[in-house]
Amino acid sequence: MMRLGLGIMGGGFSLIFWIIIIIAVIYYFNNGNINSSGSGYNRSNSSYQVNQAETIAKKRYAEGEITKKELDDIINDLR
């Protein structure tokens, strides 16, 4: 006797299964990139970059590459 059903992976269930898989993959990539330190905005990483930029500006001032006003402008822009 022939079966008329499509089995557990056939028909509408298969379509719903693949839609759920695709949504899960999209969700993973969208939220995974936000929380990683390399691609998303990270507050501690931003603070480190500001400190590093201030250090570079102060070094350039000490070497005479920029004036005191330019140093103050850079520091004010960073904060």
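Model, not experiment: these values are computed from the prediction. (Residues numbered from 1 in each chain as written. Predicted model: local features only at pLDDT ≥ 70, side-chain atom pairs only at ≥ 80, totals over all residues. Heavy atoms only, no water.)

Novice: Kindly report on the overall build of the protein chain, identifying the contributing residues and their values.
Specialist: When its secondary structure is counted, the protein chain shows three helices and zero strands. Tracing the protein chain from N to C terminus, the helices and strands come up as α-α-α. Entry remark: accessible area of the protein chain is about 7,100 Å², with carbon and sulfur atoms responsible for 62%. (Helix = DSSP H or I, 4+ residues; strand = E, 2+ residues; numbered from the N terminus. Areas by Shrake-Rupley, 256 points an atom, 1.4 Å probe, with all protein chains shown as cover.)

Novice: Lay out a nonpolar patch on the surface with the relevant residues and their values.
Specialist: On the surface, Phe13, Phe17, Trp18, Ile21, Val25, Tyr28 and Phe29 cluster together into a nonpolar patch covering about 720 Å² of accessible area. Take Phe29: it is sitting in helix H1 (residues 12-35). On the basis of relative accessible area, Phe29 is assigned to the partly exposed category, the value being 49%. (Patch = residues over 30% accessible without salt bridge, like charges linked within 9 Å, V, L, I, M, F, W, Y side chains within 5 Å. Salt bridge = Lys/Arg side-chain N within 4 Å of Asp/Glu carboxyl O. Buried < 20%, exposed > 50% of the residue type's maximum accessible area, 1.4 Å probe, protein only.)

Novice: Describe the confidence of the model for the protein chain, with residues and values.
Specialist: Per-residue confidence for the protein chain averages 76 on the pLDDT scale, and 67% of its residues sit at or above 70. Mean pLDDT values for the elements of the protein chain range from 80 in H1 up to 89 in helix H3 (residues 68-78). (pLDDT = per-residue confidence, 0-100.)

Novice: Give a detailed account of the packing of aromatic side chains, specifying residues and quantitative values.
Specialist: This model, assessed by the stated rule, comprises two aromatic pairs. Taken together, a centroid distance of 5.2 Å and an interplanar angle of 75° make the contact between Phe17 and Trp18 edge-to-face. Residue classification places Phe17 among the partly exposed residues on the basis of a relative accessible area of 32%. Note on Trp18: relative accessible area 48%, which makes it partly exposed. (Phe/Tyr/Trp six-rings, centres within 6.5 Å; stacked < 30°, edge-to-face > 60°.)

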